[in-house]
Amino acid sequence: MAVQVPLWHHYLWAIRSRWASRAQDYQRAEDVLLTVLERVHARDPRFLVDYSRDLEAAQFALRSSEDPVDVEVPLRVDAEALLIEELGAGQTMDGPLSCRLGVPREAAGLEPWMTEDVFTASPDGSAKCCGHIVPSKVLHVLKDLLVAAIVHCKHHGLITPGSLNANSLKDEEELRLSLLVSSGWRTICFNVVPVVRRKHRVPALEDAQRAPGFPEGSLRRIISQEVALVPASAQLWRVSTDYVLTRLLSALDSLPGHRLDSLSILDRVNHENWRDGGQSPGLTFDHLKTVLLWASVLFPAPEDWAELQGAVYRLLVVLLCCLATRNLPHFLHPEHNLLPDAGLDLSALYQRVEGFASQPEASLRIHVTHLGRSPPPRISHGVKALLQLPASDPAYWATAYFDVLLDKFQVFHIQDKDRVSAMQSIFRKTKALGGEDS
């Protein structure tokens, strides 16, 4: 007698069956791009090739969406010798630091970065700084190198004809250089970004007790890594924590349970249902990844992730409260809200997410023949009441849930124990999510 596979696991297995082919497609496309970047390095040794991208390949395989993939091109420069001139809080997505990269006077080894194509001399005659490395100039040089490298690789048969489309390089205003690379029937968009790697404090991770739910040893290794300074404007650089967040996601994969499985399921539902197969604007994989990182802190116990459906609902509870309060904080810089820049109809999106939470079976299909008519809701009225809080009235979330979400990240600074207890009480209710009706 055949064993009936639960619907959630059937859906997950269908998604997993595509992981290997997606990883292979990514690696083939990346090989094309690396071939071009190797030629860029050969023409101008100031631009290096980063071969350590296994985590990005695994993350691409995990997701269903086809959002662009950032590829960092490290600059061959002694970042510790540069003068980091901070200009206060930035308005970019990824962090609070905007800065200029100054070249100190009489600095040894920085001569390649004092040439006119990437450098602007300081007009004020500063005693410490003779000028700055300018992002717009670096991008212009890298773009010209990419064009020349693509022509060379095509002429010498180093890449397959038609495998790379560089038309998007014509855009002069972009802070990333987009290349479309074909891999079989799939086309992957790579955003090529010049970066300066240097040591930089990550206060949110320096105290492992602030991030329960992550392996402590992994956190120590992650904060010891360099971060990237990427172009923020024509003149300014900013801190990018993309690599740190990718490492955090990989650390979660080392733990038992369904953390990454729940992310993969929601990304698939988001792509197919909430974004109409990728045709409509909506949440990105990075949004959902941030939700998982917060959920892992808020639900640190291994048993919270032991059951697949319950793991998915932990992400849903965090996501719904973020949509209701119109605030999804950056995981490493909680003062920055990731939702306003997305340009989304959050009320409509809330209704879609709530509809899935109330009746998930209608969306848990890979093919139209997998399900007939939609079955009735499978969750209790009490749970449904928790999830159906109106997006137009976020007062409940704000007072009992989400205003504490940020504070819990700095739990040792919280003085109001009643608020913490209230939040934990709400979380206990979610233990029943995905289980039997109460």
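Coordinates for the structure precede this section.
Residues numbered from 1 in each chain as written. Predicted model: local features only at pLDDT ≥ 70, side-chain atom pairs only at ≥ 80, totals over all residues. Heavy atoms only, no water.

Trainee: In this structure, what is going on with the overall build of the protein chain? I would like to understand it.
Mentor: Scanning the protein chain from terminus to terminus reveals 14 helices and ten strands. The buried share among the 438 residues of the protein chain stands at 51%. Considering only contacts within the protein chain whose residues lie at least 6 apart along the sequence, 68% involve residues at least 24 apart. On the protein chain, roughly 20,000 Å² of surface is accessible, and the fraction owed to carbon and sulfur atoms is 52%. (Helix = DSSP H or I, 4+ residues; strand = E, 2+ residues; numbered from the N terminus. Buried < 20%, exposed > 50% of the residue type's maximum accessible area, 1.4 Å probe, protein only. Contact = heavy atoms within 4.5 Å. Areas by Shrake-Rupley, 256 points an atom, 1.4 Å probe, with all protein chains shown as cover.)

Trainee: I would appreciate a short explanation of the environment of Asn-327 in the present structure.
Mentor: With respect to the helices and strands, the residue Asn-327 is situated in the loop between helix 10 (308–325) and helix 11 (346–358). Taking the C-alpha atoms as reference points, Asn-327 and Leu-339, separated by twelve residues in sequence, lie 6.1 Å from one another. For Asn-327, the side chain forms a polar contact with the side chain of Asn-337, separated by 3.5 Å. (Polar contact = N/O pair within 3.5 Å; in protein donor to acceptor, adjacent residues only side chain to side chain.)

Trainee: Where do I start with the pattern of salt bridges in this structure?
Mentor: Under the criterion given, the structure shown has 16 salt bridges. Notably, a salt bridge pairs Asp-50 with Arg-197, separated by 2.7 Å at the nearest N-O pair. Taken together, the positions of Asp-50 in the loop between helix 2 (19–43) and helix 3 (54–62) and Arg-197 in strand 8 (residues 186–198) put the pair 147 residues apart, joining distant regions of the chain. By relative accessible area, Arg-197 is classed as partly exposed at 26%. Salt bridges sharing partners connect three or more residues here, namely Arg-22, Asp-25, Arg-28, Glu-66 and Arg-186. (Salt bridge = Lys/Arg side-chain N within 4 Å of Asp/Glu carboxyl O.)

Trainee: What am I meant to see in the packing of helix 9 (residues 285–298) against helix 10 here?
Mentor: If you want to describe how two helices pack, look at the angle between their axes and the distance between the axes. Interhelical geometry of helix 9 versus helix 10 gives an angle of 110 degrees and a closest axis separation of 9 Å. With respect to helix 10, the axis of helix 9 lies roughly perpendicular. Between helix 9 and helix 10, the residues in contact are Leu-288, Val-291, Leu-292, Trp-294, Ala-295 and Leu-298 and Arg-314, Leu-315, Val-318 and Leu-319, respectively. (Axes fitted to C-alpha atoms, helices over the stretch in contact; angles between N-to-C directions. Parallel < 35°, antiparallel > 145°, perpendicular 65-115°, else oblique.)

Trainee: Whenever I open this one, the packing of aromatic side chains confuses me. Can you help?
Mentor: Two descriptors summarise a pair of aromatic rings, namely the distance from one centre to the other and the angle between the planes of the rings. Inspection of every chain in the model, using the stated rule, returns seven aromatic pairs. Their ring planes at 70 degrees and their centres at 6.3 Å tell us that Phe-47 and Trp-113 sit as a pair that is edge-to-face. Here the residue Phe-47 occupies a position in the loop between helix 2 and helix 3, and Trp-113 occupies one in the loop between strand 3 (97–104) and strand 4 (119–121), the gap between them amounting to 66 residues. Comparing Phe-47 with Trp-113, the two get one shared label, buried. Among the aromatic residues, ring-to-ring pairing joins Trp-8, Trp-274, Tyr-313 and Phe-356 into one connected group. Over the aromatic face of Phe-60 sits the side chain of Arg-22, whose NZ or CZ is 4.3 Å from the ring centroid. The ring centre of Trp-113 lies 5.4 Å from the NZ or CZ of Arg-46, which sits over that ring. (Phe/Tyr/Trp six-rings, centres within 6.5 Å; stacked < 30°, edge-to-face > 60°. Lys NZ or Arg CZ within 6 Å of the ring centre and 35° of its normal.)

Trainee: When you look at the pairing of strand 9 (residues 227–231) in this model, what are you seeing that I'm missing?
Mentor: For a regular strand, side-chain orientation follows a simple rule: the groups alternate between the two sheet faces. Summarising burial for strand 9: five of the five residues are buried, a large majority. Here strand 9 pairs with strand 10 (residues 237–240) via four bridges, running antiparallel. By the bridge assignment for strand 10, Pro-231 is matched with Trp-237. Following strand 9, the chain reverses through five residues before pairing antiparallel with strand 10. (Pairing = 2+ DSSP bridges.)

Trainee: Can you help me understand the environment of Thr-160 in this one?
Mentor: With respect to the helices and strands, the residue Thr-160 is situated in the loop between helix 4 (135–155) and strand 6 (164–165). Spatially, the C-alpha atom of Thr-160 lies 8.4 Å from that of Val-32, the residues being 128 residues apart in sequence.

Trainee: So what exactly am I meant to see when it comes to the packing of helix 3 against helix 7 (residues 242–253) here?
Mentor: Where helix 3 meets helix 7, the closest approach of the two axes is 10 Å, and the angle between their N-to-C directions is 70 degrees. Considering their axes alone, helix 3 and helix 7 lie roughly perpendicular with respect to each other. Of the two possible hands of crossing, helix 3 and helix 7 adopt the one that is left-handed. Every residue of helix 7 that contacts helix 3 at Leu-55, Glu-56, Gln-59 and Leu-62 is listed here: Tyr-243, Thr-246, Arg-247, Leu-249 and Ser-250. When its residues are assigned to classes, the contact of helix 3 with helix 7 shows four nonpolar, three polar and two charged. (Left-handed = near helix turned anticlockwise from the far one by under 90°. Nonpolar A, V, L, I, M, F, W, Y, C, P; charged D, E, K, R; others polar.)

Trainee: Sorry if this is basic, but what is going on with the pairing of strand 1 (residues 69–74) here?
Mentor: Buried residues dominate strand 1, accounting for five of its six residues. In terms of strand pairing, strand 1 meets strand 8 through six bridges, oriented parallel. By the bridge assignment, Glu-72 is partnered in strand 8 with Val-193.

Trainee: What is the right way to read the nonpolar core from this model?
Mentor: Taken as a class, soluble globular proteins show a tendency for nonpolar side chains to be buried jointly. Ranked by internal contacts, the top residues of the largest apolar core, which has 112 residues, are Leu-146, Leu-248 and Trp-274. Of the residues forming this core, the biggest block, 13 residues, is contributed by helix 10. Discounting chain neighbours no more than four positions away, the residues touching Leu-146 are Val-36, Leu-37, Val-40, Leu-169, Leu-177, Leu-179 and Val-192. (Core = buried A, V, L, I, M, F, W, Y, C linked by side-chain atoms within 4.5 Å.)

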